[in-house]
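Below, each chain spelled out in residue letters.
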Amino acid sequence: MAKSKFEYVKQFETEDRLLPNCWIVVRIDGKGFHRFSEQHNYIKPNDDRALDLMSKAAETVMEEFKDIVLGYGQSDEYSFVFKKSTNVYNRRASKLATNVVSLFASSFVYFWPRYFGTQMMQYPPAFDSRTVIYPTDKNLRDYLSWRQADCHINNLYNTCFWKLIQEKGLTPAQSQERLKGTMSSDKNELLYKEFEINYNNLSALHRKGTIIIRTPKQDQENGDLDILKLQLTPSGSSTARGGLSSRSPRPMTGGARSVKRSRPDIQRLHIDMIGEQFWTDFPEILDPPKR
């Protein structure tokens, strides 16, 4: 930038560099997506086209920002975890938040026809973003557990809410009143007794959300990837019951988990990350290899 007598105005810029040696999480969230989903005829309670589109946009962000070690999405939100040592944009919160959310939003629009076909977008979507730092591994894990627990709570409620409307003929107000004050056990019982649905048998995509991780490249070359023990599913397809794509082979025995291969080194998973097993299976997330 050429120097001039006006350059002094740079002094008014706020220094927003984030603390070093902390996990950085950028979370994007759809603005007014209740209206957006209605205007674009989203299938209720879950539209796999929209969920796959969100994940495609998230993968695009992760392809651009190599220091993101994990993405987690559900509904109209996605969280991106930057490794502790990242120095992208000198760790400036405003630069991280704006670059991530702008690329996500443009990718959402760019890939819309791939998932919604000839259905035209009625108006431009908007997403907000925020940047938060977490000093310890436990803080980060608790944050991700919070978001996945939120996914479960919201999906259980929405599944009941829309079943009562679509199959029992209740109005939205009546369905809301029916569910008022109910606990998770009550909602599970309602689904089982009135609709013969075991909630645990519903799509893992809807119950668990989507985790996006990177596969270590050296393991790919050696052909001894632990993740290959998981059930792989095609890219860009919605998961069916139990978290597997309707086009995928039958799940392997021995507690295999569902996973969606979308890039040579990026994987989508729909599994639990609140317990210890996920972090045992993928220790490189909290302890990434040194370059």
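### Some thoughts on unusual backbone geometry
The residue after Lys 44, namely Pro 45, is reached through a cis peptide bond having omega 5°. Mapped onto the secondary structure, Pro 45 falls in the loop between α1 (33-39) and α2 (48-64). The residue Glu 196 is not glycine, and still its phi comes out positive at about 55°. When you line up the elements, Glu 196 lands in the loop between α7 (184-195) and α8 (204-208). Here Glu 196 falls in the exposed class, since its relative accessible area comes to 72%.

### Focus: a nonpolar patch on the surface
Taken together, the side chains of Tyr 8, Val 9 and Phe 12 present a nonpolar region at the surface, about 360 Å² in accessible area. Examined against the element boundaries, Phe 12 turns out to sit in the segment before β1 (23-30).

### Regarding the nonpolar core
Counting residues in each nonpolar core, the largest one holds 33 residues, and the members touching the most others are Ile 28, Phe 80, Phe 104, Phe 108 and Phe 127. Taken together, the elements giving at least two residues each to this core come down to β1, α1, α2, β3 (77-82), α3 (93-110) and α4 (112-116). Setting aside its immediate chain neighbours within four residues, Phe 127 contacts Ile 28, Asp 29, Gly 30, Lys 31, Phe 33, Met 54, Asp 76, Val 101, Phe 104, Ala 105 and Phe 108. Core analysis: the second largest hydrophobic core is formed by 20 residues, Tyr 134, Tyr 143, Met 273 and Phe 278 among them.

### A closer look at the pairing of β1
The element β1 is extensively covered by neighbouring structure, given that eight of its eight residues are classed as buried. Where β1 and strand β4 (residues 127-134) come together, eight bridges link them in antiparallel fashion. From the neighbouring strand, Val 25 faces β4, where its bridge partner is Val 132. Pairing geometry for β1 and β3, over six bridges, is antiparallel.

### Remarks on the environment of Arg 178
Within the secondary structure, Arg 178 sits in helix α6 (residues 172-179). Apart from the residues lying within four places of it in its own chain, the contact partners of Arg 178 are Leu 164, Leu 170, Leu 190 and Glu 194. Of note is the side chain of Arg 178, whose polar atom sits 2.2 Å from the side chain of Glu 194.

### As for the pattern of salt bridges
For the structure shown, the criterion picks out 17 salt bridges. The partner of Glu 7 in a salt bridge is Lys 3, with the nearest N and O atoms 4.0 Å apart. Judged by relative accessible area, which is 23%, Glu 7 ranks as partly exposed. The exposure class of Lys 3 is exposed, given its relative accessible area of 73%.

Calculation rules
- Residues numbered from 1 in each chain as written.
- Predicted model: local features only at pLDDT ≥ 70, side-chain atom pairs only at ≥ 80, totals over all residues.
- Heavy atoms only, no water.
- Helix = DSSP H or I, 4+ residues; strand = E, 2+ residues; numbered from the N terminus.
- Buried < 20%, exposed > 50% of the residue type's maximum accessible area, 1.4 Å probe, protein only.
- Patch = residues over 30% accessible without salt bridge, like charges linked within 9 Å, V, L, I, M, F, W, Y side chains within 5 Å.
- Areas by Shrake-Rupley, 256 points an atom, 1.4 Å probe, with all protein chains shown as cover.
- Salt bridge = Lys/Arg side-chain N within 4 Å of Asp/Glu carboxyl O.
- Core = buried A, V, L, I, M, F, W, Y, C linked by side-chain atoms within 4.5 Å.
- Contact = heavy atoms within 4.5 Å.
- Pairing = 2+ DSSP bridges.
- Polar contact = N/O pair within 3.5 Å; in protein donor to acceptor, adjacent residues only side chain to side chain.

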